[in-house]
Amino acid sequence: MKVIVNIQLKEGVLDPQGKAVHHALGALKFNDVNDVRIGKQIILDVDGEDKEQIRTKVADMCEDLLANTVIENYEIEIA
Amino acid sequence: MKVSVVVFPGTNCEIDTKYAYEKLNADVDLVFHKDEKLPQDTDIVVLPGGFSYGDYLRSAAIAKFSPIMKDVIKFANEGGKVLGICNGFQMLLEMGLLPGAMKRNANVHFISKYHNLRVVNNDNIFLQKLNVNDVVNIPIAHGEGNYFIDEQELQELYDNNQVLLKYTDENGIDKNPNGSVDSIACICNKNKNVFGLMPHPERAIESLLGSDDGVKMLEGLMEG
């Protein structure tokens, strides 16, 4: 089953990459952008049919490795 | 005195670290990350700088699962002395041996230069040979050294004298190269046996090459 994990810096944690891109957009005269936040997307192909079981397993993966929960939040989408 | 320096794929400061500790008359072993046990007579473990696993996913995110790390965590929890330099500091954060996390530098550039640091606390073995408010000059070289910690945990760090070095100018006034909370460059754990810093003391051991300010730190660990 295809599982999409979206990882984002938590709200309130400054995003240096987002800030740099925001600045660059401004330099290109895209002045109507209020804020830019950059995250990452991890796409997994996981064995199994039971969506809840898969969700639990992928949440464990996020806690152990995929996200650093000190500064990042994660969201799991099961296709 | 036996110093074990752990080598991961992508580590690139292990030879400098070995050289520095051998110059201080320590017996240094390079320990491969796939080993499961540290050498039995290890007195100090150093997690050296570099780009373990190519910094994939996040700096140091994958190194924490190397087979040797279980023994490093056990060694630390039993009071053994552990020093994480640069990528090694990032590992200690990822493993939860030290609090907080690293983000990309605020200016998004890799920064490689000498930087001044002020001693904030010296009631620990790592900085015991320096005085509070001493300013030392040590190279930094990192892209993800923007230290983050929430306010409550930051207060705990201060309450327990766990903030050891801050980035400053030559007069010891805070000067922040990378966006770190309160310009923090070096911290330790509550028990004061695990130390992490972004600057490279092992690259500051010869005055002829710019600075020997790192010697007192590396020596301090040996004398604890």
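Just so you know, the residues in each chain are numbered from 1, in the order the chain's sequence is written. Both sets of labels track the order of writing: A upward for chains, 1 upward for ligands. Totals for whole chains, interfaces and linings use all residues, but because this is a predicted model, local features are given only for residues with pLDDT of at least 70 and pairs of side-chain atoms are given and counted only at 80 or more. Side-chain descriptors were evaluated using all non-hydrogen atoms of the structure, hydrogens and water having been removed beforehand.

1. Brief notes about the confidence of the model for chain B
In the predicted model, chain B carries a mean pLDDT of 97, and 100% of its residues have values of at least 70. Our summary of model confidence lists the complex with pTM equal to 0.94 and ipTM equal to 0.85. As a per-residue quantity, pLDDT reports the predictor's confidence and falls between 0 and 100.

2. Considerations on the interface of chain A and chain B
Bring the parts together and some accessible area is lost; that lost area is often taken as the interface size. Contacts between residues were defined by any pair of non-hydrogen atoms, one from each residue, lying within 4.5 Å. Contacts between the two partners involve 16 residues from chain A, matched on the other side by 17 residues from chain B. For the pair chain A and chain B, the summed buried area comes to about 1300 Å², and 66% of that belongs to carbon and sulfur atoms. What makes a salt bridge here is a side-chain nitrogen of Lys or Arg within 4 Å of a carboxyl oxygen of Asp or Glu, nothing more. The interface formed by chain A and chain B includes 1 salt bridge. A salt bridge links Arg58(B) to Glu72(A); the nearest nitrogen and oxygen atoms lie 3.9 Å apart. Any pair of N or O atoms that falls within 3.5 Å is considered a polar contact. Within protein, one atom must be able to donate a hydrogen and the other to accept it, and sequence-neighbouring residues count only if both atoms are side-chain atoms. Where chain A packs against chain B, one counts 7 residue pairs in polar contact (both at pLDDT 80 or more). Under the scheme applied here, ten amino acids are nonpolar (Ala, Val, Leu, Ile, Met, Phe, Trp, Tyr, Cys and Pro), four are charged (Asp, Glu, Lys and Arg), and all others, including Gly, are polar. Here the side of chain A that touches chain B is composed, by residue class, of 11 nonpolar, 2 polar and 3 charged. Put simply, buried area is how much 1.4 Å-probe accessible surface two parts lose in total, over both of them, once they are put together.

3. Concerning unusual backbone geometry
Residues and elements named next belong to chain B. For aspartate 55, which is not glycine, the phi dihedral falls at a positive 60°. Structurally, the position occupied by aspartate 55 is in the loop between β3 (44–47) and α2 (68–77). Only protein chains enter the accessibility calculation, which uses a 1.4 Å probe. A residue is then buried if its area is under 20% of the maximum for its type, exposed if over 50%, and partly exposed in between. Under the relative-accessibility criterion, aspartate 55 is labelled partly exposed at 24%. The backbone of alanine 60 sits at a positive phi, close to 70°, despite the residue not being glycine. Working definition: helices are DSSP H or I runs of at least four residues, strands are E runs of at least two. Numbering for both runs from the N terminus. Looking at the secondary structure, you find alanine 60 in the loop between β3 and α2. You can call alanine 60 buried: its relative accessible area is 1%.

4. Observations concerning the packing of aromatic side chains
Residue and element names in this part refer to chain B. Only Phe, Tyr and Trp rings are paired, with Trp represented by its six-membered ring, and only when their centres lie within 6.5 Å; those with planes under 30 degrees apart are stacked, over 60 edge-to-face, the remainder tilted. One pass over the structure, following the stated rule, counts 3 aromatic pairs over all chains. For the ring pair phenylalanine 89 and tyrosine 147, a centre distance of 6.1 Å and an interplane angle of 25° mean the geometry is stacked. One end of the pair, phenylalanine 89, is in helix α3 (residues 87–94); the other, tyrosine 147, is in strand β8 (residues 146–148), and 58 residues separate them in sequence. Assigned by exposure class, phenylalanine 89 and tyrosine 147 land together as buried.

5. Overview of the sheet that holds strand β10 (residues 184–188) of chain B
Residues and elements named next belong to chain B. One open sheet accounts for 9 strands, arranged β2-β1-β3-β4-β11-β10-β9-β6-β7; its pairing is mixed. The outermost strands of the open sheet, each flanked by one partner alone, are β2 (27–32) and β7 (135–142). For this sheet the average axis-to-axis angle between neighbouring strands, irrespective of direction, equals 25°. Two strands make a pair as long as DSSP finds a minimum of two bridges between them. When β10 meets strand β11 (residues 194–197), the two strands line up antiparallel, connected through 3 bridges. Counted as the bridge partner of cysteine 186 is leucine 197 from β11. For helices, the fitted line uses only the C-alpha atoms of the stretch in contact; every axis is such a line through C-alpha atoms, and the angle between N-to-C directions lies from 0 to 180 degrees. Those strands touched by helix α1 (residues 14–23) are β1 (2–7), β2 and β3, and its axis lies near 160° from that of β2. On the sheet, α3 packs against β3, β4 (81–85), β10 and β11 and is oriented at approximately 120° with respect to β4.

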